[in-house]
Every structure is written in C-alpha cells, then in structure tokens.
Amino acid sequence: MLEPSISPVVQPPPPARLRDAWVALAGLSAVFLFEMLDNSVLNVALPTIGRELTASTSSLQWVSGAYSVAFGGLMLLFGAVADRFGRRRIMLIGLVLLTIVSGLTVFVTSVEQLIAVRALMGVAAAMTTPGSMALAFRMFDADDLRVRALTVISTAGLVGLAAGPTIGGFVLAVAPWQMLIVANAPIAIIALIGIRAGIVADRREQLHRERIDVVGAILGTATIVGALLTPTLFVAGDDFPLAWGVAVATVAAVVGFVVRERTARHPLLNLRLVAQPLVASGLAYKAASGLAMAGLSYLTTLQLQFAWGWPPALAALGMLPQVVVLLASGRSVGPFVHRVGLDRAAWMSAAAVVAGLAVFAILSRFGYPWVLVALVLVAAGMRVVGVVAGNNVLRGLPSDRTSIGAALVDTASELATAVGIAATGTILAALVGGRITTMTSTSDRLASFEDAILIAGLTITCLAAALVAVGIHRSRRTPSELTIQESSHV
C-alpha cells in the first residue's frame, strides 16, 4: 500500500483576514479563471478551428466534449487521490500538466491531435479545479471567511466567463487560434506560484491512508462519463442504437458503483457520508442551480434569436444583465449570508433560481421585461448558492474528505448541466418539427415553438424545484443523523 510521503510541516495559524492570504487566493482564483475562461474562449474559436483543421461537425463537437468528459469523469477519482496523498501536491501536479499540454497546442496539425490535447487538459482540470474549493475552505476556520474566500475565487471565474467571448474575438483578429489555448500556460504558472508560496503542504494527520478503491474508481468514472455522453447522443439523434447502448451501460455502471461502494472495505465514496444532511442538501441545491442555469441559457438564446428574430449581437446584449448581476452581486453575498445564516441562504438562493426559471417558462412570451426578470433572479440566486452550497458540503464532511467533497460539488453541477441541456433539447426537438435553426417564421410554427418553450421550461422548473425540496428536507437534521455525522468526524 502506498503511503503519502508528507514530511512534517509547521502549520501556521489560520489567516484572520482575507488579505493575509492574498497570495494563496490569487493562485486559487487563477485556477478557477482557467476553467471558466477556457470554456468561453474556445467556443468563439470553433468555427475557425473547423476551417483550418477541416474538421467535421462531430469532430468539432469533441473538441469541447473531450475536455468535459475527462473533467467530469475523473473529478471523483482525483478528489479521492488528493485526500490520500495531499491536496496541494495533486493540484501542483495538475498545474504542471496543464502548462505542458497547453504549450503542445502549437504543434497540433489535425483535429484528432487537438481532441487529445483537450482530453489531457480535462485531466489537468480534474486534478486542479475541485482543489481550489477544498484548499480555500481549509485555509480558514470561520464560516464567514470561508464564504468570502469562495466568493473571491468564484468572481475570478465569472470574470473569465463574461470576458471570454470578447477576449477570444480580439485575439482571433490578430493571432492564430492556438494562442487561445496556449494562454492557459501563463495562467497555470501564476496559479502554481501562488499555491506553492501561499499554501503549506498537508500534514500526515490531515490525510487518510485507506487504499484507493480501484474497482469503485472505474465504475464511478464509467457512471459519470456515461451520464455526460448519453444526453448528448440522444439530442444529436444520429445513432439511437448507440445512444441506448450507452444508456444501458450507464445504468449498469450506476448499479455496480452503488453495490461496490456499499460493500467495499475502503470505498472510493462513502455513501453514508454523502447522505449526511449538510452534504446531501448542498449537492441538491447545487444540482438545482446547475440544471436551471443550463436550461435557461439554452432556452433564452432560442427565444431571442429564433422566436423574436434578434440578431446574435442584440441577443448577446439581451443576456448581458445576467453577467452584470453575477459580477456586481459578489460583495453582497457575505453580508446576506451573515444576516440570514448559511442554511437559509442556501435554500432561499436555490428557490430564487427556480422562481426565475418559472418566470421565464410562463411569462417570457409576453416580452423581454419578463426575460430580464428571469435572468436577474437566476443570476442572483446562482451567485449565492454557488458559494454557500459548496461550503455546506465541505462543512458536512470529515476534514480528511474535503477534496472529494469539492469534486462532488463540481460533478453534481456538471451532470445537472448535461441533463438540463438534454431535457430542453429533446422536448424542443419532439414538439417543433424540422430544424429549429432553419424554421420558417409562420404563425403556426412560432406558436408551436412558444408552446415548446413553455413545456420545456416548466419541465426543467419542476425538476429543479424537486431538487430544492430534497435539499430543504435533508437540511432538517434529525437527532439520530446529527449523532451519526458527529461520530463520522471523530
């Protein structure tokens, strides 16, 4: 059995203020900036990449898909590895890998090579992104500082998400598309320096020495990869036998994973811990917000451009209030949480996300002001729940399980996003005949499209509301559950 070779480290007292940990926070923020900026920048470059590498539509889809599948599928595994061998160590290794792989982009000459590079970048992201939340949580011992630290980190990511398309457009005007990916290297180096200088290595007693459940890791990875692939295959509709085959294999992997984790001596993921009130409720809130955000973004784009005939530039301006709220509301997260408490902040913000989605589904056909209300409600709720739900999950886990807890939060969001897009896409494809992008603007076609938007929006609203209800129910801890949770921390 491998044991972490962590030398004794003198642990400094936790920072009393955020500014006392600015070096570490800068490094952790750079990690989240990479994740958000990479996704938004690359989408702008896909048409250029397709032309220069003569890529087919399906191949071009995998330029983005290979990253997402590797990222989502490996987060739990690397979370478990980090909890055993050092969170800081695994993150630094991932940042080195990211730096090297980003530089390899300059040698890419085919779309297959680019897909391989993107898959390796997904591996690096799986090693680094969950760690940013885990390490930020562990740096502080007060919940208000933890919430503020996570808010700072998430703000950096949102800046990247908002500025990505604009940055990508300017870069493509003066430089080759490879520069958009190579630019990840200096960001990774900044993160490497900040984390290495600002965060001390884990002490041996902060880790656990259980064997890694290899069978559970394989089944868990197969479960998540299958869950991410299946919706995409069904929405594409090109090969339904393959889609059903992947769906059946995913269900088998889910059953196998649950059985394995319930019977293994050292499971990859202790399901009893996941069922703890804070953990289960936090994951439910995070999944609800991810589901709503994905569904709303997809449906709003279609509503503005295909139902109302807005040009892409005007549609981008129509989505801008959401970005403004996400960025501007950062300073209010801490005071709001302090005023109402972590638990109430979690369910109230998740409920705001669901309410915004319901407003869009029912009232968006009556004009843009209702779309604006929906965007603001969802963005404001997302801003809070994204920080608080993750914090609650980590609060509810033992101190030596924080990395896999952070990985669970990101995995829940990834899976919910995939489900949201798949559900809305499937409903629209079923209810609106022909291709949406080429449909003629007859009154009957527009009426059927508006009805499909209503049904798809209400479906996603009901799913998100059910997840919020689960979160509220699980957050009401019973005395017996509290006893179990307290004993699991010993």
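The model shown is predicted, which means the values in this text are computed figures rather than measured ones. (Residues numbered from 1 in each chain as written. Predicted model: local features only at pLDDT ≥ 70, side-chain atom pairs only at ≥ 80, totals over all residues. Heavy atoms only, no water.)

A.B. asks: Lay out the packing of aromatic side chains with the relevant residues and their values.
C.D. replies: Under the criterion given, the structure shown has 3 aromatic pairs. Taking 5.8 Å as the distance between ring centres and 35 degrees as the angle between the ring planes, the aromatic pair formed by Y67 and F71 counts as tilted. Residue Y67 and its partner F71 are located together in helix α2 (residues 57–85), separated by 4 residues, close to a single helical turn. Each of the two residues, Y67 as well as F71, counts as buried. Each ring, one from W308 and one from W310, has its centre 5.8 Å from the other, and the planes form 45 degrees; the classification is tilted. According to the relative accessible area criterion, W308 is partly exposed, its value standing at 24%. Pairwise contacts between aromatic rings join W308, W310 and Y368 into one cluster. (Phe/Tyr/Trp six-rings, centres within 6.5 Å; stacked < 30°, edge-to-face > 60°. Helix = DSSP H or I, 4+ residues; strand = E, 2+ residues; numbered from the N terminus. Buried < 20%, exposed > 50% of the residue type's maximum accessible area, 1.4 Å probe, protein only.)

A.B. asks: I'd like a description of a nonpolar patch on the surface, backed by residues and values.
C.D. replies: On the surface, a nonpolar cluster with roughly 480 Å² of combined accessible area is contributed by V96, I100, L104, V106 and F107. On the basis of relative accessibility, which here comes to 48%, the residue V106 falls in the partly exposed class. (Patch = residues over 30% accessible without salt bridge, like charges linked within 9 Å, V, L, I, M, F, W, Y side chains within 5 Å. Areas by Shrake-Rupley, 256 points an atom, 1.4 Å probe, with all protein chains shown as cover. Salt bridge = Lys/Arg side-chain N within 4 Å of Asp/Glu carboxyl O.)

A.B. asks: Tell me about helix α7 (residues 184–198), residues and numbers included.
C.D. replies: Between its first and last C-alpha, α7 extends 21 Å over 15 residues, near the 21 Å set by a 1.5 Å rise per residue. Taken together, the buried positions of α7 are occupied by N184, A185, I187, A188, A191, G194 and I195. (Expected span 1.5 Å × (residues − 1).)

A.B. asks: Before we move on, could you go through the packing of helix α13 (residues 330–340) against helix α15 (residues 368–395) and cite the residues and values that matter?
C.D. replies: Where α13 contacts α15, the axes come no closer than 10 Å and their chain directions differ by 60 degrees. Accordingly, the angle class assigned to the pair α13 and α15 is oblique. Read as a crossing pair, α13 and α15 show a hand that is right-handed. Counting all contacts with α13, which are made through G330, V333, F336 and V337, the residues of α15 involved are R383, V384 and V388. (Axes fitted to C-alpha atoms, helices over the stretch in contact; angles between N-to-C directions. Parallel < 35°, antiparallel > 145°, perpendicular 65-115°, else oblique. Left-handed = near helix turned anticlockwise from the far one by under 90°. Contact = heavy atoms within 4.5 Å.)

A.B. asks: Before we move on, could you go through the side chain of Q322 and cite the residues and values that matter?
C.D. replies: Mapping Q322 onto the fold places it in helix α12 (residues 312–328). The buried category is assigned to Q322, whose relative accessible area is 5%. Here Q322 is in contact with M293, L296, S297, L375, V378 and A379, once residues within four sequence places are set aside.

A.B. asks: Residues and numbers for the environment of W177, please.
C.D. replies: In this fold, W177 is placed in the loop between α5 (143–174) and α6 (178–182). For W177 and V41, which are 136 residues apart along the polypeptide, the C-alpha to C-alpha distance reads 9.9 Å. Not counting the four nearest positions on each side in its chain, W177 is found in contact with A45, T48, I49, E52, L53, T105, V108, L114 and L172. Of note is the side chain of W177, whose polar atom sits 3.0 Å from the side chain of E52. (Polar contact = N/O pair within 3.5 Å; in protein donor to acceptor, adjacent residues only side chain to side chain.)

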